[in-house]
Amino acid sequence: MKKIVVGVSGSIAVYKSLLLVRSLVKSGWEVRVVMTHAATEFVSALSFSTLSKNQVEVDLIDDDAWNNHVELGLWADALVIAPATATTLSKLVQGQSDNMLIATYLSAKCPVFIAPAMDLDMWKHPSTVENIRKLQDFGNYIIPVGHGELASGLVGDGRMAEPEDIVATLKHFFNSCDDLKGKKVMITAGPTREAIDPVRFIGNHSSGLMGICLAEECAFRGAKVDLILGPTHLSCNTENVKTIPVVTAQEMYEASMAAFDDKDIALLAAAVADYRPRFVSHEKIKKQGREWSIDLERTRDIAFELGMNKKPGQMTVGFALETENEESNAMKKLESKNFDFIVLNSLREKGAGFQFSTNKISILRKDNKILHYELKSKRDVARDIVDQVVTLLDETKAVAV
């Protein structure tokens, strides 16, 4: 039986939260409700208490007694904030712990699902857009708003998701928690740096965020992960993720070849240098004349060699960042490196590529199917990619049977 905390803030959509609590209880889950004072202006705490069969928390201090928001945050398997008003979104981002709901959120160790609800102009305002982005970057799950008639009489986006859709989202989430249980996964991530001299190097703009999100998603789904991570300011401290730090393409090659043998899945998300200086100066190179050239040599092709050494049952997934002829170039890479599928994104797409917290991808499969996705946070993109890994595993299993 799952334990769900439902956080309710002040919106006309509170009536939907009553139906949500009722549906969660009917699904066999234990539900506790936390309300803001504004929410009680729309629906009484008694109504939620009756439906949840538990006391409703509203105040941090009640009748000279302290309500333990820490205990509530640790108790839950999931926290669902529905509806989440513009004010509540802002407080969640800022950590403004002036009510029981925000305090519970800040103490929660469980996944957090946020179902926004507000009028069209508020939903489209840059402040709200930025708050949603930050909440996604924190690792929260945003449940998409609905489209329709709003309290103001306008028609557009901003409606709180329907209760049945929220319940379906939670069920899908919990059902996917173990779909990589027992699997061993290797992920390469981040840039490489190829030294020119002790001061300079050849590198790229990759932050490693996409690969880190993939590692966290795979670990969440039950896998044990080796994350081979190039030089970056980011880190991954998730349980069941072992980080192997590297700097150069050669170090990444050696770490990948050593780790791959016992792995079920390899996700090759790193931006590995194709070339490195043939000669590295041990001293800083001084300025000489008007021109200076560097003699470059090819680095080892990690994806190609893993693809050639892949054993039956092993899956390799590649990544392609293109600027022209995107799909045809990605398809050539898919075939030449023996990937099971390849993730394509284009630098031409606004908000995609390096140094963004978002990405817009297409997935190209060996059976010539191409799946296109909208611009999303890299955490959501990681879920889409791992969903495709699971789908392919299920298809392979079905064929074997």
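Quick summary incoming for the structure in this document. Values in this document were obtained by computation on a predicted structure and should not be read as measured data.

## Quick look at helix α11 (residues 249-260)
One full turn of an α-helix is made of 3.6 residues, so residues set three or four places apart face in the same direction. With 12 residues, α11 should reach 16 Å at 1.5 Å per residue; the first-to-last C-alpha distance of 16 Å fits that figure. Restricting attention to buried positions, one finds in α11 the residues A249, M252, Y253, A255, S256, A259 and F260.

## Remarks on the environment of I244
Within the element layout of this structure, I244 appears in strand β14 (residues 241-245). The spatial distance from the C-alpha of I244 to the C-alpha of V155 is 51 Å, given a sequence separation of 89 residues. Those residues in contact with I244, other than ones at most four positions away along the chain, are D226, L227, I228, L229 and A255.

## Here's the deal with the sheet that holds strand β7 (residues 141-142)
In sheet architecture, strand pairing relies on hydrogen bonds along the backbone and comes in two forms, parallel and antiparallel. The sheet built from 5 strands is open, its strands ordered β2-β1-β5-β6-β7 with parallel pairing. At either end of the open sheet lies a strand with only one pairing partner, and these are β2 (30-35) and β7. Strands in contact with helix α3 (residues 45-52) are β1 (3-8) and β2; relative to β2, the strand with the most contacts, it is inclined by about 170 degrees. Across the sheet, helix α5 (residues 86-94) touches β5 (78-84) and β6 (112-116), and the angle it forms with β5 is around 140 degrees.

## Some details on the packing of aromatic side chains
All told, the structure shown has 6 aromatic pairs when counted by the stated rule. For the ring pair F173 and F174, a centre distance of 5.3 Å and an interplane angle of 80 degrees mean the geometry is edge-to-face. Owing to a relative accessible area of 6%, F173 belongs among the buried residues under this scheme. Accessibility expressed as a relative area gives 13% for F174, which makes it buried. In this structure, R32 is placed above the aromatic ring of W75, and the distance from its NZ or CZ to the ring centre is 5.0 Å. Above the face of the Y275 ring, R298 is positioned so that its terminal group lies 5.5 Å from the ring centre.

## Examining the pairing of strand β9 (residues 155-159)
As judged from the 4 bridges shared by strand β8 (residues 146-149) and β9, these two strands associate in the antiparallel manner. In the strand pairing of β9, G146 is matched with R159. Between β8 and β9, which pair antiparallel in sequence order, lie 5 residues; one of them, G153, sits at a positive phi of approximately 100 degrees.

## Re the pattern of salt bridges
All chains considered together, the criterion is met by 27 salt bridges. Note that D262 is salt-bridged to K263, the shortest N-O span being 2.9 Å. Assessed through its relative accessible area of 41%, D262 is described here as partly exposed. D295 is paired through a salt bridge with R278; the nearest N and O atoms lie 2.9 Å apart. Of this pair, D295 sits in the loop between β16 (275-277) and β17 (296-298) while R278 is found in the loop between β16 and β17, placing the two residues 17 residues apart along the sequence. Under the relative-accessibility criterion, D295 is labelled partly exposed at 42%. Using a relative accessible area of 40% as the deciding quantity, one classes R278 as partly exposed. Each member of the salt-bridge network shares a partner with another, and the members are D179, E217, R221, D380, R383 and D387.

## Overview of the sheet that holds strand β15 (residues 265-268)
As summarised here, the arrangement of the 8 strands in space is β14-β13-β10-β15-β18-β19-β21-β22, forming an open sheet in which the pairing is mixed. Each end of this open sheet is capped by a strand with a single partner; those strands are β14 and β22 (370-372). Neighbour-to-neighbour, the strand axes of this sheet turn through a mean angle of 15 degrees, independent of strand direction. Bridging between strand β10 (residues 184-189) and β15 involves 4 bridges; their strand directions are parallel.

## Here's the deal with helix α13 (residues 326-336)
Listing the buried residues of α13 in full gives A330, M331 and L334. Each buried residue of α13 lies within a common arc of 100 degrees when the element is viewed along its axis, so the set occupies one face. On its buried side, α13 packs onto β18 (315-322), β19 (341-346) and β21 (362-365). Phi for N338, located one or two positions after α13, is positive at around 60 degrees.

## Considering the side chain of E194
Within the fold, E194 resides in strand β11 (residues 194-195). Buried and without a salt bridge, E194 has R276 as its closest oppositely charged side chain, separated by 5.3 Å. A distance of 2.8 Å separates a polar side-chain atom of E194 from the backbone nitrogen of A249. Apart from residues no more than four positions distant in its own chain, E194 is found in contact with F201, I202, T248, A249, A273, Y275, R276 and P277.

## Points about a nonpolar patch on the surface
A contiguous nonpolar patch, built from Y275, W292, I294 and L296 and spanning about 390 Å² of accessible area, is present on the exposed surface. Residue placement: Y275 occurs in strand β16. A residue is classified by how much of its surface remains accessible, and Y275, at 41% relative accessible area, is partly exposed.

The rules we used
- Residues numbered from 1 in each chain as written.
- Predicted model: local features only at pLDDT ≥ 70, side-chain atom pairs only at ≥ 80, totals over all residues.
- Heavy atoms only, no water.
- Helix = DSSP H or I, 4+ residues; strand = E, 2+ residues; numbered from the N terminus.
- Expected span 1.5 Å × (residues − 1).
- Buried < 20%, exposed > 50% of the residue type's maximum accessible area, 1.4 Å probe, protein only.
- Contact = heavy atoms within 4.5 Å.
- Pairing = 2+ DSSP bridges.
- Axes fitted to C-alpha atoms, helices over the stretch in contact; angles between N-to-C directions.
- Phe/Tyr/Trp six-rings, centres within 6.5 Å; stacked < 30°, edge-to-face > 60°.
- Lys NZ or Arg CZ within 6 Å of the ring centre and 35° of its normal.
- Salt bridge = Lys/Arg side-chain N within 4 Å of Asp/Glu carboxyl O.
- Arc of directions from axis to C-beta.
- Lys, Arg positive; Asp, Glu negative; His and termini not counted.
- Polar contact = N/O pair within 3.5 Å; in protein donor to acceptor, adjacent residues only side chain to side chain.
- Patch = residues over 30% accessible without salt bridge, like charges linked within 9 Å, V, L, I, M, F, W, Y side chains within 5 Å.
- Areas by Shrake-Rupley, 256 points an atom, 1.4 Å probe, with all protein chains shown as cover.

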